[in-house]
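Descriptive structure summary
Listed here are the chains, written in short residue letters.
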Amino acid sequence: MSSCHQTIHLIKTKIKEAYKELHSMQVPRGGDFSVFRQMQLLKKRAQDEIGFNKHNLTLAENALVKAMQQLKTANIEHEKFKYLEITEIEKVIKAKKIQEAKELDEVAVMMYNRSNSE
């Protein structure tokens, strides 16, 4: 996700720079039509670059949202796994305690029978 954040930051920086470039352009006050046309082409190029970067920004933001959703899903699955693991461990411990209690009862019965037979 940090790479998504870095990409988003980089694209936003490119957009700001393109806007600065666009706003710093000044229409020529004199000269022939070719100079004016060249300035218009430079403006168009800057506008196209801004549009392209805005599109890339949308893609990067969507990728970030998707990555965050995947992380959330993975965290939920991890929590489910931990819960099931703990539940299974508790079942094993409970079964072991029951078995130990049965064995202790059996020993107690054997000891009682031995003491009564003597």
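Throughout what follows, the structure given in this document is the object of discussion. (Residues numbered from 1 in each chain as written. Predicted model: local features only at pLDDT ≥ 70, side-chain atom pairs only at ≥ 80, totals over all residues. Heavy atoms only, no water.)

1. Remarks on the overall build of the protein chain
Note the following rule: The helix and strand labels rest on DSSP assignments: H or I over at least four residues marks a helix, E over at least two residues marks a strand, and numbering proceeds from the N terminus. The globule rule used for comparison is 2.2 Å times the number of residues to the exponent 0.38, while the radius of gyration itself is calculated over C-alpha atoms. Buried, partly exposed and exposed residues are distinguished by accessible area as a fraction of the type maximum, computed with a 1.4 Å probe on protein chains only: under 20%, between the cut-offs, and over 50%, respectively. Contact definition: two residues touch when any of their heavy atoms are within 4.5 Å. Computed by Shrake-Rupley with a 1.4 Å probe, the accessible areas treat only the displayed protein chains as cover when residues are assessed. Note on charges: Lys and Arg go in the positive column, Asp and Glu in the negative column, and His and the chain ends are not counted at all. Where a charge lies is defined by one atom per residue type: Lys uses NZ, Arg uses CZ, Asp uses CG and Glu uses CD.
When helices and strands are tallied, the protein chain shows two helices and zero strands. Taking 13 Å as the expected radius of gyration for a compact globule of 118 residues, we find that the protein chain reaches 37 Å, considerably beyond that expectation. Overall size of the protein chain, expressed as C-alpha extent along the three principal axes, is 130 × 15 × 10 Å. The buried share among the 118 residues of the protein chain stands at 12%. By sequence separation, contacts in the protein chain at least 24 residues apart represent 73% of the contacts at least 6 residues apart. Summed over its atoms, the accessible surface of the protein chain is roughly 10,100 Å², and 59% of this surface lies on carbon and sulfur atoms. Taking the average location of the 20 positive side-chain charges in the protein chain and that of its 16 negative ones, the two points are 13 Å from each other.

2. Digging into helix α1 (residues 2-24)
Quick reminder of the rule: Take the number of residues in a helix, subtract one, and multiply by 1.5 Å to get its expected span.
The terminal C-alpha atoms of α1, which comprises 23 residues, lie 33 Å apart, in line with the 33 Å expected from a rise of 1.5 Å per residue. Among the residues of α1, C4, I8, I11, I15, A18 and L22 are the ones counted as buried. Looking at the buried positions of α1, the neighbouring elements they touch are α2 (33-117).

3. Here's the deal with a nonpolar patch on the surface
The test is simple: Here, patches come from residues exposed beyond 30% relative accessible area and free of salt bridges, joined within 9 Å for like charges and within 5 Å for nonpolar side chains (Val, Leu, Ile, Met, Phe, Trp, Tyr). Salt bridges are defined by distance alone: a side-chain nitrogen of Lys or Arg within 4 Å of a carboxyl oxygen of Asp or Glu.
Together, M1, M68 and L71 line one region of the surface with nonpolar side chains, adding up to about 270 Å² of accessible area. The topology assignment puts M1 in the segment before α1.

4. Remarks on the nonpolar core
How we decide: Note on terminology: a nonpolar core comprises buried Ala, Val, Leu, Ile, Met, Phe, Trp, Tyr and Cys residues joined through side-chain atoms within 4.5 Å.
Core analysis: the largest hydrophobic core is formed by seven residues, namely C4, I8, I11, I15, L57, A60 and L64. Of all elements in the fold, only α1 and α2 reach the threshold of two or more residues within this core. Take this core: its biggest share by element is four residues, from α1. Residues contacting L57, with those up to four places away along its chain left out, are I8, I11, K12 and I15. Residues A18, M25, M39 and A46 belong to the second largest nonpolar core, which totals six residues.

5. Observations regarding the pattern of salt bridges
Using the criterion set out here, one finds four salt bridges in the structure. In this structure, K80 engages E77 in a salt bridge whose closest nitrogen and oxygen atoms are separated by 3.3 Å. In this pair, K80 and E77 are both assigned in helix α2, three residues apart and thus about one turn of the helix distant. Judged by relative accessible area, E77 falls into the partly exposed class, the value being 42%. Between E79 and K82 there is a salt bridge, and its shortest N-O distance comes to 3.7 Å.

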